[in-house]
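Chain by chain, the residues:
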Amino acid sequence: MKHQAVIVGSGPTGLMLAGELALAGVDVAVVERRPSQELAGARAGGLHSRTIEVLDQRGIAERFLAEGQVAQVAGFAGTRFDLTGFPTRHPYGLGLWQNHIERILAGWVGELPVTFHRGTGVTGVVQDGAGVEVSLTDGRALHADFVVGCDGGRSLVRKAAGIEFPGWDPTTSALIAEVEMTGQPEFGVHKNPFGIHSFGRREYTIQDGKVVYADSGPVAVMVTEEHVGAGEPGLADLSAALTAVCGTDYGAHSPTWISRFTDATRQAATYRKGRILLAGDAAHIHAPDGGQGLNIGVQDAVNLGWKLAQVLHGTSPESLLDTYHAERHPVAARVLRNTMAQSALRRPDPRIAAAGEVMAELLGMEEPRRRFAGMQSGLDVHYDLGEGHPMLGRRMPDLDLETPAGPLRTYSLLHTARPVLLNLGAAGAFDSTPLPPAIQLVDAHYGGVWELPVLGTVAPPSAVLVRPDGYVSWVGEGTAKGLAEALRTWFGTAQASD
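Caption draft 1: Here's a closer look at the overall build of the chain. Across its full length, the chain carries 11 helices and 31 strands. Viewed in the frame of its principal axes, the chain has a C-alpha envelope of about 75 × 60 × 40 Å. A burial count over the chain gives 53% of its 498 residues as buried. Of all intrachain contacts in the chain linking residues separated by at least 6 positions in sequence, the fraction that spans at least 24 positions is 69%. Summed over its atoms, the accessible surface of the chain is roughly 20800 Å², and 53% of this surface lies on carbon and sulfur atoms. Taken as two groups, the 41 positive and 54 negative side-chain charges of the chain have centres that lie 2 Å from each other.

Caption draft 2: Fine view of the sheet that holds strand β23 (residues 284-285). One open sheet accounts for 3 strands, arranged β12-β20-β23; its pairing is antiparallel. For this open sheet the edge positions go to β12 (167-168) and β23, each flanked by a neighbour on one side alone. Sheet topology note: the β12/strand β20 (residues 265-267) ladder contains 2 bridges and is antiparallel. Bridge pairing in β20 links tryptophan 168 to threonine 265. This element, helix α8 (residues 322-345), spans β12, β20 and β23 of the sheet and lies at about 175° to β20.

Caption draft 3: Spotlight on the side chain of serine 343. Relative to the helices and strands, serine 343 is located in helix α8. A relative accessible area of 7% means that serine 343 is categorised as buried.

Caption draft 4: Layout of the nonpolar core. Among the nonpolar cores identified, the biggest contains 84 residues, and Val6, Met16, Leu21, Phe64, Leu105, Leu308 and Leu465 are the most heavily contacted of them. When residues in this core are grouped by element, the largest group, 11 residues, is from helix α7 (residues 293-312). Not counting chain neighbours up to four residues away, the residues in contact with phenylalanine 64 comprise Leu47, Leu55, Leu94, Leu96, Ile101, Ile104 and Leu105. One finds Met396, Leu424, Leu452 and Val458 within the second-largest nonpolar core, a separate group that totals 20 residues.

Caption draft 5: The arrangement of the packing of aromatic side chains in detail. On inspection of all chains with the given rule, the structure shows 9 aromatic pairs. Pairing tryptophan 306 with tryptophan 490 gives two aromatic rings, centres 6.2 Å apart and planes at 50°, and the pair type is tilted. With tryptophan 306 in helix α7 and tryptophan 490 in helix α11 (residues 483-491), this pair connects stretches of sequence that are 184 residues apart. Residue tryptophan 490 is classed as buried on the basis of its relative accessible area of 8%. Relative to phenylalanine 491, the ring of tryptophan 306 lies with its centre 5.7 Å away and its plane at 40°, an arrangement referred to as tilted. Taken together, the residues tryptophan 306 in helix α7 and phenylalanine 491 in helix α11 connect sequence positions 185 residues apart. For phenylalanine 491, a relative accessible area of 2% corresponds to the buried category. Over the ring of phenylalanine 165 we find arginine 158, and its NZ or CZ is 3.6 Å from the ring centre.

Caption draft 6: Spatial organisation of the sheet that holds strand β3 (residues 46-47). Strand order in the open sheet made by the 3 strands is β3-β7-β4, with antiparallel pairing throughout. Looking at strand neighbours, the two that pair on one side only are β3 and β4 (69-71), the edges of this open sheet.

Caption draft 7: Summary view of helix α2 (residues 49-57). Along α2, 9 of the 9 residues are buried, which leaves the element largely enclosed by surrounding structure. Listed as buried for α2 are Ser49, Arg50, Thr51, Ile52, Glu53, Val54, Leu55, Asp56 and Gln57. Residue glycine 59 follows α2 closely and has a positive phi angle near 80°.

Caption draft 8: Seen up close, the environment of glutamate 62. Of note, glutamate 62 is situated in helix α3 (residues 61-65). The spacing of glutamate 62 and isoleucine 52 is 10 residues in sequence and 9.1 Å in space, taken between C-alpha atoms.

Caption draft 9: Geometry of a nonpolar patch on the surface. On the surface, a cluster of nonpolar side chains totalling about 260 Å² of accessible area is made up of Val358, Leu362 and Met365. The exposure class of leucine 362 is partly exposed, given its relative accessible area of 39%.

Caption draft 10: Layout of the pairing of strand β25 (residues 406-409). Pairing of strand β24 (residues 400-403) with β25, which is carried by 4 bridges, proceeds in the antiparallel orientation. Bridged to aspartate 400 within β25 is arginine 409. What sits between β24 and β25 in their antiparallel hairpin is a turn of 2 residues.

Caption draft 11: Geometry of helix α1 (residues 12-23). An ideal rise of 1.5 Å per residue puts 16 Å on 12 residues; α1 measures up with 17 Å between its terminal C-alpha atoms. In terms of residue burial, α1 counts as a mostly covered element, since 11 of its 12 residues are buried. Those residues of α1 that fall on the buried side of the exposure criterion are Pro12, Thr13, Gly14, Leu15, Met16, Leu17, Ala18, Gly19, Glu20, Leu21 and Ala22. Remark: glycine 25 follows α1 within two positions and exhibits a positive phi of approximately 80°.

Caption draft 12: Up close: the packing of α2 against α7. Running from N to C, α2 and α7 cross one another at 35°; their axes reach a closest spacing of 9 Å. Read as a crossing pair, α2 and α7 show a hand that is left-handed. Across the interface between the two elements, Arg50, Thr51 and Val54 from α2 touch Asn295, Val298, Gln299 and Val302 from α7. Grouping the amino acids of the contact of α2 with α7 by side-chain chemistry returns 3 nonpolar, 3 polar and 1 charged.

About the cut-offs
- Residues numbered from 1 in each chain as written.
- Predicted model: local features only at pLDDT ≥ 70, side-chain atom pairs only at ≥ 80, totals over all residues.
- Heavy atoms only, no water.
- Helix = DSSP H or I, 4+ residues; strand = E, 2+ residues; numbered from the N terminus.
- Buried < 20%, exposed > 50% of the residue type's maximum accessible area, 1.4 Å probe, protein only.
- Contact = heavy atoms within 4.5 Å.
- Areas by Shrake-Rupley, 256 points an atom, 1.4 Å probe, with all protein chains shown as cover.
- Lys, Arg positive; Asp, Glu negative; His and termini not counted.
- Charge placed at Lys NZ, Arg CZ, Asp CG, Glu CD.
- Pairing = 2+ DSSP bridges.
- Axes fitted to C-alpha atoms, helices over the stretch in contact; angles between N-to-C directions.
- Core = buried A, V, L, I, M, F, W, Y, C linked by side-chain atoms within 4.5 Å.
- Phe/Tyr/Trp six-rings, centres within 6.5 Å; stacked < 30°, edge-to-face > 60°.
- Lys NZ or Arg CZ within 6 Å of the ring centre and 35° of its normal.
- Patch = residues over 30% accessible without salt bridge, like charges linked within 9 Å, V, L, I, M, F, W, Y side chains within 5 Å.
- Salt bridge = Lys/Arg side-chain N within 4 Å of Asp/Glu carboxyl O.
- Expected span 1.5 Å × (residues − 1).
- Left-handed = near helix turned anticlockwise from the far one by under 90°.
- Nonpolar A, V, L, I, M, F, W, Y, C, P; charged D, E, K, R; others polar.

Quick look at the structure:
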């Protein structure tokens, strides 16, 4: 069976990428070993501000906001950041468990022409100059022009491609689980000489900034292990870890799921090898401090999707895919650095505790707080697109525009994942400019202040070229200088093929 693109794995990264490719008219298929999108347990717990913006760019943010709990979730090593006042329509995070995130994403993808091969795994991936063959556990084989591994930290796709995964081995581990308990632990996050542990319930509300848990249901547990663990954990491992840390296992029984995470930190040496690409945990793993992994995986997908689509349609050369690694590898490298720092600061050592207190004091100051809040929320991501206006390579703000068709938001122009040339100067200034067919040319007026997270106020541009991922690839400052080159670089000049 032949597809233009095959995605291995239907976690949040794989689902987002499938949606992006389908919006761009790509014949895309997803291979998922689970028989359905059902996910045992809750897993990751929320979305950061920039990820909510990304979903807003596709017109689906409200689906998530309707089910989650709006909260200030960005933080660093125990210091929470309040994004109120940040220049974004979503100056907050969203408490929403991964099983719900996947369900909502799958509902969106289900409205698009995406083929799913569920209940089957991948046994091999082999590429040649013409394409990639994906061998499945059910004996079938899929053929694709490109394959993207979104299959997690132990990625078979990455290994089959021969992509190295350098980094650091684990120094600490913790168990996370959902279990029934006959005893009653104190809910919340606690520290003791073993490290950090926490208890709660999957169902909760946030009232006046505080988490209020349901009165019944399975207890969610996170407990640091006395020694670094390995392999698939069971109830006996959880009981032993709880007893060592708390002196009791609280009668833990009937687990819904039990998993182990470590502070192992690794990043793929390259995100692309020929016709095989990596995204999400297949490209980078790190400690969960700051809740960044799911978020940067979704953002990987949005960076890659439109580029891969243009290559598949013949609009752009394959070299465009090299910008995926060039842009996203540094973003994950920064996350690896800040999660290693945070995991080090939570070690049960009085000297480390002192370092953490100093860090918290620094983060109480306005400039460090704003800088770290921008980093942890993803709002400050800056792709190196060369010298120029501060907007270049940064996220386009969601402005309230006045247009000939009436008022609209900038992000509404990105719902179809097509690039936008937004003219904010004299009407019709670009009407005679040759544009690739995918470009939307919009004349608009915006009279407000242009403000960027962390950087602050910037000079208002006369025009911006916005990529489908919402990042600015050209800024006009009264002239069209550099526009033709930017159009060629990012969007080609040829008619898109069928």
